[in-house]
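Commentary on secondary and tertiary structure
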Amino acid sequence: HNSGFSAFSSCEASWKAEALSQFKLLGQVMSFTVDLGKVGCGCNLALYLTHMPARDFTGQFKLGEDRGGQPAYYCDANKVGGQWCPEVDIMEANTH
């Protein structure tokens, strides 16, 4: 619950905007396999891409305000954590 994965170019004790990694897709293709066997009713398994780290209107990195438990520099299209950024939802699913 409320867990996720973010890729970083270096391992730090806390999120740093400069350490977020961008994936360059070989052949511009992404494939993955999902096991929904342990995703129960009422839970949502999601795979989505966001344009992180969050930035302000001048393009500077933005830690965020009223993050509600989200890490620094997190952003998504629903403005979870108080910061908006473009998002592409690849998959959202449960066992039903």
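Above this text you will find the structure in question.
Residues numbered from 1 in each chain as written. Predicted model: local features only at pLDDT ≥ 70, side-chain atom pairs only at ≥ 80, totals over all residues. Heavy atoms only, no water.

It is worth spelling out the side chain of glutamine 83 at this point. Position of glutamine 83 among the secondary structure elements: in the loop between strand S1 (45–50) and strand S2 (87–93). Given the relative accessible area of 2%, glutamine 83 is considered buried. At a separation of 3.5 Å, a polar atom in the side chain of glutamine 83 contacts the main-chain carbonyl oxygen of lysine 62. Not counting residues up to four positions away in its chain, the partners in contact with glutamine 83 are Ala54, Lys62, Leu63, Gly64, Tyr73, Tyr74, Cys75 and Asp76. (Helix = DSSP H or I, 4+ residues; strand = E, 2+ residues; numbered from the N terminus. Buried < 20%, exposed > 50% of the residue type's maximum accessible area, 1.4 Å probe, protein only. Polar contact = N/O pair within 3.5 Å; in protein donor to acceptor, adjacent residues only side chain to side chain. Contact = heavy atoms within 4.5 Å.)

So, on to the state of the cysteines. Per the counting criterion, the structure on display carries one disulfide. One disulfide in the model links cysteine 75 with cysteine 85; its S-S distance is 2.2 Å. Taking the sign of the S-S torsion, 90° for the link of cysteine 75 and cysteine 85, the bridge is right-handed. Placement of cysteine 75 in the loop between S1 and S2 and of cysteine 85 in the loop between S1 and S2 is noted, with a sequence separation of 10 residues between them. The buried category is assigned to cysteine 75, whose relative accessible area is 0%. With a relative accessible area of 4%, cysteine 85 lands in the buried category. (Disulfide = S-S within 2.5 Å.)

Now for the side chain of aspartate 76. Its location among the elements puts aspartate 76 in the loop between S1 and S2. Buried and without a salt bridge, aspartate 76 has lysine 79 as its closest oppositely charged side chain, separated by 9.9 Å. A distance of 2.9 Å separates a polar atom in the side chain of aspartate 76 from the backbone nitrogen of lysine 79. If sequence neighbours within four positions are ignored, aspartate 76 has contacts with Thr50, Gln83, Trp84, Cys85 and Glu87. (Lys, Arg positive; Asp, Glu negative; His and termini not counted. Salt bridge = Lys/Arg side-chain N within 4 Å of Asp/Glu carboxyl O.)

Along the chain, methionine 52 connects to proline 53 via a cis peptide bond; the corresponding omega equals 5°. Relative to the helices and strands, proline 53 resides in the loop between S1 and S2. One non-glycine residue with positive phi stands out, namely tyrosine 73, at about 75°. Among the secondary structure elements, tyrosine 73 is positioned in the loop between S1 and S2. Tyrosine 73 sits in the buried class, given a relative accessible area of 15%. A positive phi angle, close to 60°, is found at lysine 79, a residue other than glycine. Mapped onto the fold, lysine 79 is located in the loop between S1 and S2.

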